[in-house]
Every structure is written in structure tokens, then in C-alpha cells.
2 protein chains.
Amino acid sequence: MGTQQLESVPEPKYWHLKTVLSEALDSDFTVGEILPNERDLAARFGVARATLRQALEQLELEGRLQRRRGVGTTVAPPRVGVAVGAEQHVWPGAVGDAWQPADCTPAVPPAAVVGILESGDDEQVHTVRRSRVTHGQPVAAELLYIPTSSVPDLSAIDAPSGPARARAVLRELQRLDLDGQDSAVELGSARADDARELDRLPGAPVLVVTTRFFAEGRTAAVSIATYRADTCRLTFGDSGGVEIHHDPERKAS
Amino acid sequence: MGTQQLESVPEPKYWHLKTVLSEALDSDFTVGEILPNERDLAARFGVARATLRQALEQLELEGRLQRRRGVGTTVAPPRVGVAVGAEQHVWPGAVGDAWQPADCTPAVPPAAVVGILESGDDEQVHTVRRSRVTHGQPVAAELLYIPTSSVPDLSAIDAPSGPARARAVLRELQRLDLDGQDSAVELGSARADDARELDRLPGAPVLVVTTRFFAEGRTAAVSIATYRADTCRLTFGDSGGVEIHHDPERKAS
DNA sequence: AAGTGGTCTAGACCACCGG
DNA sequence: CGGTGGTCTAGACCACTTC
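A brief look at the structure comes next. Computed from a predicted structure; not experimentally measured. (Residues numbered from 1 in each chain as written. Chains lettered and ligands numbered in written order. Predicted model: local features only at pLDDT ≥ 70, side-chain atom pairs only at ≥ 80, totals over all residues. Heavy atoms only, no water.)

Take the interface of chain A and chain B next. Across the contact, 41 residues belong to chain A and 41 residues belong to chain B. Across the interface of chain A and chain B, roughly 3,300 Å² is buried in total on both sides, 60% from carbon and sulfur atoms. Taking the shortest distance from any N to any O, the salt bridge between A:Arg79 and B:Glu186 comes out at 2.7 Å. Our count for the contact surface shared by chain A and chain B stands at 14 residue pairs in polar contact (both at pLDDT 80 or more). A per-element tally of the side of chain A that touches chain B places strand β7 (residues 180-189) of chain A first, with nine residues. Within the side of chain A that touches chain B, the residues separate by chemical class into 21 nonpolar, 12 polar and eight charged. One ladder, built from four bridges, connects strand β10 (residues 232-237) of chain A with strand β7 (residues 180-189) of chain B; its direction is antiparallel. (Contact = heavy atoms within 4.5 Å. Buried area = accessible area lost by both parts, 1.4 Å probe. Salt bridge = Lys/Arg side-chain N within 4 Å of Asp/Glu carboxyl O. Polar contact = N/O pair within 3.5 Å; in protein donor to acceptor, adjacent residues only side chain to side chain. Helix = DSSP H or I, 4+ residues; strand = E, 2+ residues; numbered from the N terminus. Nonpolar A, V, L, I, M, F, W, Y, C, P; charged D, E, K, R; others polar. Pairing = 2+ DSSP bridges.)

Encoded structure:
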């Protein structure tokens with residue numbers, strides 16, 4: 001018999017399915033359009049619903065689809081570019097930054113943060129919660145950890161909690177000279193509270209940006225920001241809003 | 001009857017399972033240790049294997065576990081920090097960069113790259129493949145697109161293909177004055193070829209770093225690098241190798 | 001050959017959203 | 001209320017690694 005090298009590595013059904021769906025999205029659908037429901041799609045392709053879902057999950061991970069329980073599956077718009085690494089380093093809360101303070105509470109930070117701060121095990125910090133919205137959609141939730149020693153002159157007259165107190169803490173922080181900052185990006189899954197704020201289910205994939213702010217020869221603040229991985233493209237450098245399309249032909253709805 | 005507000009929002013089994021496993025990993029396991037196989041684990045927790053797998057998948061996504069077909073599931077070491085945004089911008093292939101050129105072929109770039117290059121639809125580019133290894137493990141695969149117009153003086157004497165030609169192209173690129181660069185990070189899934197190079201299955205989650213290099217008032221090169229999302233933490237700024245642990249208590253094996 | 005994780009099935013029920 | 005996506009089950013078979 002002749003050698004039949006072809007098909008010696010059959011690709012999984014869900015992988016092939018994903019490719020087919022991806023091409024269909026490019027050619028036959030517009031942004032925002034609703035796909036048939038999962039049971040119909042599975043039947044149409046002759047696969048079990050679980051297999052179909054495996055393909056949809058990947059497409060959602062790649063930002064091509066958006067699924068909402070009780071509603072349906074829609075074609076996602078291109079990812080929005082979100083600037084996270086400004087050319088010039090600035091304190092959080094500086095004029096013009098994209099974050100909205102939500103709350104501020106005193107606490108001892110979790111162990112992971114203590115390791116980054118390199119502070120004492122039980123040093124108190126101000127924990128500031130902020131959220132970031134672009135194009136009317138929530139894209140990120142942030143926890144800022146600011147050792148009390150970084151804002152020693154915080155007036156007792158300021159609000160004891162809430163957004164007002166958050167702003168007061170950040171205002172105090174501005175008084176320090178910022179020596180530098182650095183960031184790291186990694187993949188994570190949304191905790192329950194972050195998920196609620198991002199309008200996603202717990203466990204949704206997120207890009208976790210950890211930023212350290214240096215002043216007076218030590219780490220003066222730490223930010224842990226979680227961005228929706230399905231809708232965001234994090235930009236570093238000069239290019240803030242430049243559009244990058246996977247498919248330049250994609251039509252607007 | 002008394003109001004029983006508690007348990008009004010029962011969390012999914014796999015989510016609870018993930019929490020339990022995560023704590024067990026912290027307290028009862030060391031890096032590199034092998035977990036019981038999935039069928040045993042599922043039986044031990046009284047759930048179906050699919051449910052157990054859903055928990056394991058999340059833990060793998062978070063870099064806590066490593067699973068290999070035919071081998072088993074092991075406790076993953078902390079993610080490695082990989083510097084991707086140097087303080088000073090440099091051309092790819094400059095002395096001391098972490099990439100190893102693998103090949104170079106001429107081609108017309110895919111549509112997505114044409115959009116980034118803002119070049120003519122059918123301009124030829126040199127496509128350089130490179131790979132990045134740290135700690136003996138492959139962490140990233142890269143495709144570099146360099147318009148022929150960026151390296152006009154490429155000698156015909158140089159090797160026609162392979163690593164030698166890749167180095168020759170990059171060497172020519174160094175002669176341009178680099179005006180600046182910017183990067184973007186987003187979540188993606190590994191294509192078949194990248195997956196093979198990264199020692200993962202196709203579709204594995206990856207962090208896609210798109211970098212544009214500017215010279216002479218235009219985009220002189222574009223790099224699309226895919227990093228293993230399970231094992232990598234991408235660092236920007238001054239902090240290259242500083243350790244950040246999720247769990248400082250975790251023991252080394 | 002034995003054991004692992006990866007894929008796939010055909011069902012069931014639940015949580016959520018909209019009319 | 002009906003329809004959607006989300007969770008869960010109990011099985012089966014396949015691809016791969018190791019011995």
C-alpha cells in the first residue's frame with residue numbers, strides 16, 4: 001500500500017470547530033450580532049454541546065466572542081487598547097489618570113503583598129479600591145496598598161472612609177518624590193469580588209498588573225490591578241490608542 | 001420559619017474544589033511533587049472527573065500546576081519573571097538580548113501584520129523566527145516581520161536561509177537609528193506551530209506581546225512574541241528579576 | 001502493557017435574563 | 001414564563017509516556 005502520511009495527526013474536533021467558527025465570524029457576522037444558541041449550533045455541527053462549548057470558550061478567550069448567561073453569545077468588538085505603562089512615571093491619582101477611587105480601608109495586607117512591600121509582617125496599610133472604565137465598560141479593578149508610613153501627615157480631619165478618604169490618601173502620596181516604578185503582567189482568574197465589578201463570572205481570565213512605586217529608597221506603594229483579559233489589550237509605551245486589528249476587514253455594527 | 005439567607009448563593013463545586021486544592025498545595029505539597037491522578041482525585045472528592053478537571057484547569061491557568069499527558073500533574077514552581085520592556089529601547093538582535101534566531105524566510109505578511117506595518121498590501125518582508133529560553137525551559141516563540149525596505153543593503157552573499165540569514169538581517173537592522181518602540185500585551189491561544197515550540201498543546205493560553213519598532217518616521221519592524229502564560233510573568237521597567245511570590249511560604253523542592 | 005491526561009458523548013438540572 | 005448560558009454526571013475512547 002502507498003504511505004498515507006496525511007491524517008496521521010487528526011486534530012481534535014473542538015479545534016477544527018474553532019477554526020470553522022472563526023472564519024464564519026470573519027465573513028458572515030458583524031460586531032454585536034447574536035449567534036444561534038449552543039444547542040442549535042452543536043446540532044448543526046453534529047457534535048455534543050460540551051464539545052461546541054470548548055470551541056466557544058477558546059474564541060471567547062481570544063476576544064472574538066462575548067457570552068452572557070440568560071442572554072446569548074454575541075460577536076465581540078475588537079479589544080480596546082488600555083494604556084498601563086505611561087512613558088513618564090506618575091503616582092496613582094495624579095491628574096488625568098483613568099481610575100476612579102471607590103473606597104479606602106485600613107488593613108494588614110495579605111502575605112503576598114507583604115512580600116512585595118518588603119515591610120514588616122504586620123505593618124498597617126491603607127487599602128484603596130479603584131475601578132477603571134473606558135467606553136462605558138468596566139475594564140479593570142484595582143487594589144492599592146499604601147503603607148501608613150508613606151502618608152504620615154494624613155489629616156485626621158479627612159473622611160474616615162469611602163471615596164473621599166481614598167482621594168485624601170492619594171493626595172498625600174503625591175507629596176513624595178517618585179523615584180521610579182515597575183510593572184509585571186501575568187495571567188490570573190478573577191476573584192469573586194473583582195468578577196462582580198468587572199461584570200464577569202468568578203474565575204474569568206484576567207490580566208493581573210502588579211506595579212511597585214518607589215520613593216525614598218523603598219517601595220512606597222503597590223498596585224494590583226486586574227484587567228478583563230477578553231476585552232483588553234494592555235499597551236506600554238508611546239502607542240496608547242493605536243488600533244491593532246486581528247482582522248482589518250471586520251465591519252462595525 | 002427563620003430566614004436562611006446563608007447558602008442562598010451556593011458556589012459551584014469546581015470553584016470550591018479549586019479553593020480546597022489550592023490550600024492543600026500550599027500546605028501539603030512541595031514544588032515538583034506529583035499529585036494523585038485525576039480519577040483518584042475525583043473519587044476522593046466525590047465529584048465527576050470533568051468537574052475535577054475544571055478545577056485543575058484553573059489552577060494550571062494560574063500557574064500553580066503543570067499537567068502533562070502520559071505523565072501526570074505536578075506542582076509548578078513560581079512563575080519566572082521575563083523582562084520584555086527594557087528601559088532603553090533597542091533593536092532585536094542587539095548584543096545581550098535573550099532571543100535565539102532560528103530561521104528567516106521571505107514572505108508577504110498576514111493581513112493583521114500589514115495593518116500594523118501600515119505598508120502596502122503586498123510588500124515583501126523578511127520573516128524571522130526566534131525562540132527564547134530561560135532556566136532551560138522554552139518560554140516564548142517570536143515572529144519578526146521586517147520590511148525589505150528596512151534592510152536595503154542586505155548583501156546577497158549572506159546565507160539564503162536559516163539562522164545565519166536571520167542574524168544577517170538583524171545585523172542590517174542595527175544600522176538604522178531606532179526612534180522608539182511600543183508594546184501591547186493581550187491574551188491569546190497558541191497556534192499549532194508555537195505550541196510545539198513551547199512544549200504545550202495547541203490552544204494553550206499565551207501572552208501575546210506585539211512590539212513596533214520605529215525608525216525614519218515609520219514602522220521599521222514588528223515583533224509578535226507569544227509567551228507561555230502558565231509559566232511566565234512579563235516584567236516592564238526596572239525590575240527584571242525581582243521575586244514576587246503568591247505564597248512566600250512555599251518550599252523549594 | 002499499564003497508566004496518565006486529553007477528547008467526546010448524551011443526557012440532566014441550575015441560575016439568570018428578558019418579555 | 002421560556003430561552004439562554006453555566007454546571008455536573010458517568011461513562012467511553014484516544015494519544016502519549018514510561019517501563
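The rest of the description comes next.
The strand order across the open sheet built from eight strands is β4(A)-β5(A)-β6(A)-β9(A)-β8(A)-β7(A)-β10(B)-β3(B), with neighbouring strands paired in mixed fashion. Looking at which strands have only one partner, the edges of the open sheet turn out to be β4 (99-107) of chain A together with β3 (80-85) of chain B. In this sheet, neighbouring strand axes are inclined to one another by 20° on average, regardless of whether the strands run parallel or antiparallel. Sheet topology places strand β6 (residues 137-147) of chain A next to strand β9 (residues 218-228) of chain A; six bridges connect them, and they run antiparallel. Bridge pairing links A:Glu142 to A:Ala225 in β9(A). (Axes fitted to C-alpha atoms, helices over the stretch in contact; angles between N-to-C directions.)

Attention now moves to the packing of aromatic side chains. Residue and element names in this part refer to chain B. A full pass over the atoms with the stated rule returns five aromatic pairs over all chains. When the ring of Trp-99 is compared with that of Tyr-227, the centres are 6.1 Å apart and the planes differ by 75°; the resulting orientation is edge-to-face. On the criterion of sequence distance, the pair formed by Trp-99 in strand β4 (residues 99-107) and Tyr-227 in strand β9 (residues 218-228) is long-range, its members being 128 residues apart. Taken individually, Trp-99 and Tyr-227 each receive the classification buried, so the pair is uniform in this respect. (Phe/Tyr/Trp six-rings, centres within 6.5 Å; stacked < 30°, edge-to-face > 60°. Buried < 20%, exposed > 50% of the residue type's maximum accessible area, 1.4 Å probe, protein only.)

Our next topic: the relation of the copies chain A and chain B. Under the fitted operation, chain A is carried onto chain B by 0.0 Å of movement along the axis and a turn of 180°, and the coordinates agree to an RMSD of 0.0 Å. Those values place the two copies in the arrangement expected of a two-fold rotation axis. (Least-squares fit on C-alpha atoms with pLDDT ≥ 70 in both.)

Interpretation note: all reported values are geometric properties and have no functional meaning in isolation.
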